[in-house]
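Read off the chains here:
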Amino acid sequence: MAARASRELNNLFLEAVQNGLKNDDMKKTVDQKNMMKMKHTAPPVNWYKYAGIVGLVGVLMVLQVPKEMKGQYFEYYRAKTEAFFNLESSCLVHGTDLTIEMARPPVDCSVCNGISEVPIAYNMTKEYFIKHHAYSGVPVLIKGGVKHWSALETFDYKYFKQVYDDDALREFDDKPCQFFAYKTNFRTLEDVFSMSKKRAALKKDQWYVGWSNCVDKVQTLLRKHYERPEFLPDDSESSSLDWIFMGGSGTGAMMHIDSVNRPSWQAMIKGKKTWYIEAPPECFNSCPTKRMNATMDQGDILVVDTNKWYHSTFIHPEGGLAITIGSEYD
């Protein structure tokens, strides 16, 4: 029908020219003819758009296929899909390092103005801490800040294994407690406290793990041996969760940035650990140095806003089993 209308319009145009068409009328007729062509010309194909739609449909199909379906290639692609997409909650994707980096807000680079190394303090006062470190984002290593804690003598692998009995481990699994296996083959906290004596003594291999202390009765027992750092602001609230990190020599946590929304403190209970702290990429041109380090000995405490600074840790072999405990404040 469109072709027929175009032919009729073309015939009328030729007839009008033969009978003597004025310039203005001819221009209008030409414009109408061009509009007719444009109206019936197919738009260009956007192959990128169609490829994206097909890819999304493919992902959704993989998500909907039940796990009971077997097949080497299907299981491979399903595993790849589950590594990024979250199948167990209402969230589309997992909270991985990649997604956290994509979603994190840019850092105010004033946190590193004039700082080329982590400041070291002795006998930290509350007034000095509030003025220079509490909410400025400037990290600080406080030497001997927790020397009076009984945790320095009490906490070790054997003690933790004792307080995390079967009931505590069951509660740990039932609650949304976090466990970081890092580069070990441990899958749960129960695996950590089920290892052989030789491995626990670091005579078989070096391991490093971390977990949130979210079991009520264990919190009560552990907090008898440590307390909230005295230099924190009186009106600040501490997190209800504490974090414990424990392991042998070598790399602890790999370089990463957190998403906990509050500054953190971490106390060295046993061993020796070095933190490597890096400015975020958006501050490379603003900070005097891209990387700083802070080495913690037993009884030291480090305060750092891990939401603003990338960080990794290294456990020194001369310190034996390293144990740290920490939390956040606002």
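Before going into details, it helps to say that this report is about the structure given with it. Keep in mind that what you see is a predicted model, and the values were worked out from it rather than measured.

### So, the state of the cysteines
Here is step 1 of the chain: Evaluated as defined, the whole model comprises three disulfides.
Here is step 2 of the chain: A disulfide bridge connects cysteine 109 with cysteine 283, and the sulfur atoms are separated by 2.0 Å. Because the sign of the S-S torsion sets the handedness, a value of about -85° for the bond joining cysteine 109 and cysteine 283 places this disulfide among the left-handed ones. Of the two residues, cysteine 109 sits in the loop between helix 5 (97–103) and strand 1 (120–122) while cysteine 283 sits in the loop between strand 8 (273–278) and strand 9 (291–296), which places them 174 residues apart along the sequence. By the burial criterion, cysteine 109 is buried, and cysteine 283 matches it.

### Overview of helix 9 (residues 166–174)
Here is step 1 of the chain: Buried residues of helix 9: Ala168, Leu169 and Phe172, and no others. Looking straight down helix 9, one finds its buried side chains confined to an arc of 100°; they lie on one side. Opposite the buried face of helix 9, by more than 90 degrees, sit the exposed residues Asp166 and Asp174.
Here is step 2 of the chain: Packed against the buried residues of helix 9 are helix 8 (157–163), strand 3 (179–180), helix 10 (189–192), strand 4 (208–213) and helix 12 (216–222).
Here is step 3 of the chain: Here helix 9 starts with a cap whose side-chain oxygen sits 3.3 Å from the backbone nitrogen of aspartate 167, and that cap is aspartate 165.

### Section: the pattern of salt bridges
Here is step 1 of the chain: Overall, the coordinates contain 13 salt bridges when judged by the stated rule.
Here is step 2 of the chain: Across the pair lysine 143 and aspartate 297 runs a salt bridge whose closest N-O atoms are separated by 3.2 Å. One end of the pair, lysine 143, is in strand 2 (residues 140–143); the other, aspartate 297, is in the loop between strand 9 and strand 10 (301–304), and 154 residues separate them in sequence.
Here is step 3 of the chain: Of the residues examined, aspartate 297 reaches a relative accessible area of 31% and is grouped as partly exposed.
Here is step 4 of the chain: Aspartate 305 serves as the salt-bridge partner of lysine 308, at 3.9 Å between the closest nitrogen and oxygen.
Here is step 5 of the chain: Here lysine 308 falls in the partly exposed class, since its relative accessible area comes to 25%.
Here is step 6 of the chain: One salt-bridge network, held together by shared partners, links Lys143, Asp297 and Asp300.

### As for the sheet that holds strand 6 (residues 250–251)
Here is step 1 of the chain: Taken together, four strands build an open sheet; the order of strands is 6-11-8-9 and the sheet is antiparallel. Each having just a single partner strand, strand 6 and strand 9 make up the two edges of the open sheet.
Here is step 2 of the chain: As judged from the two bridges shared by strand 6 and strand 11 (residues 310–315), these two strands associate in the antiparallel manner. When the bridges of strand 11 are listed, threonine 251 appears paired with phenylalanine 314.

### Some details on unusual backbone geometry
Here is step 1 of the chain: Despite not being glycine, tyrosine 182 shows a phi value in the positive range, around 50°.
Here is step 2 of the chain: Here leucine 202, not a glycine, exhibits a phi torsion of approximately 65°, which is positive.
Here is step 3 of the chain: By secondary structure assignment, the location of leucine 202 is in the loop between helix 11 (197–200) and strand 4.
Here is step 4 of the chain: On the accessibility criterion, leucine 202 (17% relative accessible area) is buried.

### Here we look at the pairing of strand 5 (residues 242–247)
Here is step 1 of the chain: By the criterion of burial, strand 5 is predominantly enclosed, with six of the six residues buried.
Here is step 2 of the chain: Alternating positions in strand 5 separate into two faces, Asp242, Ile244 and Met246 on one and Trp243, Phe245 and Gly247 on the other, with burial throughout.
Here is step 3 of the chain: Inspection of the sheet shows strand 5 paired to strand 12 (residues 322–328) by five bridges, in the antiparallel sense. From the neighbouring strand, glycine 247 faces strand 12, where its bridge partner is alanine 322.

### Points about the side chain of serine 264
Here is step 1 of the chain: By the secondary structure assignment, serine 264 is in strand 7 (residues 264–270).
Here is step 2 of the chain: The residues contacting serine 264, other than those within four sequence positions of it, are Leu302, Val303, Val304, Thr306, Ser327, Glu328 and Tyr329.

### Structural notes on the side chain of arginine 199
Here is step 1 of the chain: Of note, arginine 199 is situated in helix 11.
Here is step 2 of the chain: Owing to a relative accessible area of 12%, arginine 199 belongs among the buried residues under this scheme.
Here is step 3 of the chain: Only 3.0 Å separates the side chain of arginine 199 from the side chain of aspartate 205, close enough to count as a polar contact.
Here is step 4 of the chain: Sequence-distant contacts of arginine 199, defined by excluding residues within four places in its chain, comprise Asn185, Phe186, Lys204, Asp205 and Trp207.

### Some details on a negative patch on the surface
Here is step 1 of the chain: Judged by side-chain charge, Asp166, Asp173, Asp174 and Glu190 come together as a negatively charged surface patch.
Here is step 2 of the chain: Residue contributions to the negative patch peak at three residues, all from helix 9.
Here is step 3 of the chain: The residue aspartate 166 is located in helix 9 in this model.
Here is step 4 of the chain: Residue aspartate 166 is classed as exposed on the basis of its relative accessible area, which comes to 57%.

About the criteria used
Residues numbered from 1 in each chain as written. Predicted model: local features only at pLDDT ≥ 70, side-chain atom pairs only at ≥ 80, totals over all residues. Heavy atoms only, no water. Disulfide = S-S within 2.5 Å. Helix = DSSP H or I, 4+ residues; strand = E, 2+ residues; numbered from the N terminus. Buried < 20%, exposed > 50% of the residue type's maximum accessible area, 1.4 Å probe, protein only. Arc of directions from axis to C-beta. Contact = heavy atoms within 4.5 Å. Polar contact = N/O pair within 3.5 Å; in protein donor to acceptor, adjacent residues only side chain to side chain. Salt bridge = Lys/Arg side-chain N within 4 Å of Asp/Glu carboxyl O. Pairing = 2+ DSSP bridges. Patch = residues over 30% accessible without salt bridge, like charges linked within 9 Å, V, L, I, M, F, W, Y side chains within 5 Å. Areas by Shrake-Rupley, 256 points an atom, 1.4 Å probe, with all protein chains shown as cover. Lys, Arg positive; Asp, Glu negative; His and termini not counted. Charge placed at Lys NZ, Arg CZ, Asp CG, Glu CD.

Function cannot be read off these values alone, since they describe shape.
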